[in-house]
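What follows is the residue order along each chain.
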Amino acid sequence: MLIKIAKPSDLHESDVTPESIYLSRRRFMGGIAGLGAGLALPGNVSANADYSDVPEGNAPAWLEEKISDTQWRAITPSDPEKDALTPFDDASGYNNFFEFGTDKRDPARHAGSLETQPWSVVVDGEVNNGGRIALEDFAKPSQFEERIYRLRCVEAWSMVIPWLGIPLAEVIKRADPTSKANYVRFETLVDPDQMRGQRSSFSIIDWPYVEGLRLDEAMHPLTLLAMGMYGRELPNQNGAPLRLVVPWKYGFKSIKSIVRISLVEEQPVNSWQQIAPNEYGFYANVNPQVDHPRWSQATERRLPNSLFNTNTIDTLMFNGYAEDVAELYAGMDLRKHY
Ligand code: MTE
């Protein structure tokens, strides 16, 4: 399956620069891939992206259609030289998805057992318009966008991934939150028959895997609900059919295979915070100045790498998205709210 690249005549600047998005215009302009082959956009990762060696998946027809109708609003990382796209094989072969095991290769090995069609999501809690909704209907009102984001795991490895999905803000707006909605809480599927890691008696996670965001973080234009990556649907090991992507936070906030999105009044306790509250907080903003109690967060290993070339680079404040998100945390002590 190939991504349809919009012809210049199909895409106008106004289509890709809605006024609601206040990300730097320079960054947008660098990332508009759809402007066509004739136009050289220096440092444009997406325009140069070639997904032809990415294997075909097994997307349902509605998802194929959404993907081929993607609006190319790639957010290019600040340093396209350093932030080349991670090869698909690494992004889909080196994963954290404890529902399928704790080894980095376990998700790719075992996530095939997850049945992602049909899928539905419950939107509930402090909303006027909630309920269970089939994924197709959940996705239907929004146009897919491509977003190229850095992903920085709390374990100090990182990747650069082209996601396909919809802004979480659109989903929340449709749910029509009540005045009591202060946070968003997310849950992953629980099904030990399909998820072998949930059958293990050694598991440290009290299933379901839970994550949460403050409402303003959830409404931020960078926050994405991904249903695809590299021009195709999400592989199961990457959180099919629906995962969160919050690029300025450590990867564990980006919860996979979501079945429930609840608007809540109180700050939720996320899974890693529950397991080790002195090591993992609610906010989990990427911060090179606040080390994990057991290792430094000042640098990261950018994949692909090897024992001989660790490909170590400096970690950036808010993973390089400070310009867009720092104001969300104005006045907060980030050592306390890690
Ligand atoms: N979501 C669920 N449900 N279970 C998990 O174990 N791991 C998290 C996050 N989402 C995890 C999860 C962690 S620690 C990271 S770093 C990212 O997924 C990894 O995403 P990736 O495997 O697609 O790179």
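Conventions we followed
Numbers given to residues run from 1 along each chain, matching the order in which its sequence is written. Local features in this predicted model are restricted to residues of pLDDT 70 or higher, and side-chain atom pairs are both shown and tallied only at a pLDDT of 80 or more, whereas totals for entire chains, interfaces and linings draw on every residue. Side-chain calculation: all heavy atoms of the structure are included, whereas hydrogens and water are not. UniProt positions are given in the numbering used here, feature names are shortened, and annotations may be inferred rather than shown by experiment. The way it works is that DSSP assigns letters per residue, a run of H or I at least four long becomes a helix, a run of E at least two long becomes a strand, and they are numbered from the N terminus. Residue burial is assigned from relative accessible area. The probe radius is 1.4 Å, only protein chains are included, and a residue is buried under 20% of its type maximum, exposed over 50%, and partly exposed in between. Residues count as neighbours in contact if any of their non-hydrogen atoms are within 4.5 Å of one another. Pairing between strands requires that DSSP locate at least two bridges from one strand to the other. The axes are straight lines fitted to the C-alpha atoms, using for helices just the contacting stretch, and the angles between their N-to-C directions are given from 0 to 180°. Here, nonpolar core means buried Ala, Val, Leu, Ile, Met, Phe, Trp, Tyr and Cys residues that are tied together by side-chain atoms lying within 4.5 Å of each other. Working definition: residue near molecule or strand if any one of its non-hydrogen atoms lies within 4 Å of it. Here a polar contact is taken to be a pair of N or O atoms separated by no more than 3.5 Å, where protein atoms must pair a possible hydrogen donor with a possible acceptor and residues adjacent in sequence count only if both atoms sit in side chains. When residues are grouped by polarity, Ala, Val, Leu, Ile, Met, Phe, Trp, Tyr, Cys and Pro land in nonpolar, Asp, Glu, Lys and Arg in charged, and all others, Gly among them, in polar. Planes of paired rings set the category: under 30 degrees apart is stacked, over 60 is edge-to-face and the rest tilted, where pairs are Phe, Tyr or Trp rings (Trp by its six-membered ring) whose centres lie within 6.5 Å. Criterion for a charge above a ring: Arg CZ or Lys NZ at most 6 Å from the ring centre, at most 35 degrees from the ring normal.

On to the UniProt feature "binding site: Mo-molybdopterin" (unreviewed entry) in the protein chain, then. Here, the residues flagged by UniProt with the feature "binding site: Mo-molybdopterin" (unreviewed entry) are N95, C153, T188, N238, R243, S254, I255 and K256. Structurally, the position occupied by R243 is in strand β9 (residues 243-245). What makes R243 buried here is its relative accessible area of 4%. Dropping the residues within four chain positions of it, R243 is found in contact with W163, L224, L225, A226, L234, N238, S254, I255, K256, S257 and I258. The topology assignment puts I255 in the loop between β9 and β10 (258-264). Those residues within four positions of I255 in sequence are excluded, and the remaining contacts are F186, E187, T188, Y209, V210, E211, R243 and L244.

Next up on the list: the sheet that holds strand β6 (residues 210-214). Spatially, the five strands line up as an open sheet ordered β2-β1-β10-β5-β6, and their pairing is mixed. The open sheet has two free edges, formed respectively by β2 (131-134) and β6, since each of these has just one partner strand. Looking at each pair of strands side by side, their axes are set apart by 20 degrees on average, direction ignored.

This part is about the nonpolar core. F138 and L225 are the most contacted members of the largest nonpolar core, which has 84 residues in total. Those residues within four positions of L225 in sequence are excluded, and the remaining contacts are F138, L164, G165, I166, L168, V171, L242, R243, L244, I258 and I261.

When strand β1 (residues 120-125) meets β2, the two strands line up antiparallel, connected through four bridges. Note that in β2 the partner of V121 across the bridge is I133. Counting the residues in the hairpin turn of β1 and β2 gives five residues.

Attention now goes to the site of the ligand. Near the ligand there are 17 residues, and of these N95, F98, E99, R243 and K256 occur at the shortest range. With respect to the ligand, the backbone of F98 contributes an N or O atom lying 2.7 Å from an oxygen atom. Within the side chain of E99, a nitrogen or oxygen atom sits 2.8 Å from a nitrogen atom of the ligand. Its residues assigned to classes, the shell around the ligand shows eight nonpolar, six polar and three charged.

Further remarks concern the side chain of R147. Counting through the fold element by element, R147 comes out in strand β3 (residues 145-152). A polar contact is formed between the side chain of R147 and the side chain of Y149, at a distance of 2.6 Å. Polar contacts involving the side chain of R147 include one to the main-chain carbonyl oxygen of P221, which spans 2.9 Å.

Let us now look at the packing of aromatic side chains. For the structure shown, the criterion picks out 12 aromatic pairs. When the centroid spacing of 6.0 Å and the interplanar angle of 85 degrees are considered together, the rings of Y283 and Y329 count as edge-to-face. Of this pair, Y283 sits in the loop between α10 (271-275) and β11 (299-302) while Y329 sits in the segment after α11 (322-325), placing them 46 residues apart in sequence. For Y329, a relative accessible area of 3% translates into the label buried. Taken together, the ring pairs in this structure connect Y183, F282, Y283, F318 and Y329 into an aromatic cluster. Geometry around Y321 places R150 over its ring, the cationic atom sitting 4.9 Å from the centre. Against the face of F282 rests K253, its NZ or CZ located 4.4 Å from the ring centre.

Here the focus is unusual backbone geometry. When glycine is set aside, most residues are seen to have a negative phi, and most peptide bonds are trans. Omega for the bond connecting W207 with P208 falls within 30 degrees of zero, at 5 degrees, which places this linkage in the cis form. Along the polypeptide, P208 turns up in the loop between β5 (183-188) and β6. In this chain, A240 is followed by P241 through a cis amide linkage whose omega measures 0 degrees. When you line up the elements, P241 lands in the loop between β8 (232-233) and β9. Despite not being glycine, A156 has its phi angle at roughly 80 degrees, a positive value. Structurally, A156 can be placed in the loop between β3 and β4 (157-167). Judged by relative accessible area, A156 falls into the buried class, the value being 13%. Its identity as a non-glycine residue notwithstanding, S257 has a phi of 40 degrees, on the positive side. Residue position: S257 is located in the loop between β9 and β10. By relative accessible area, which is 0% here, S257 ends up buried.

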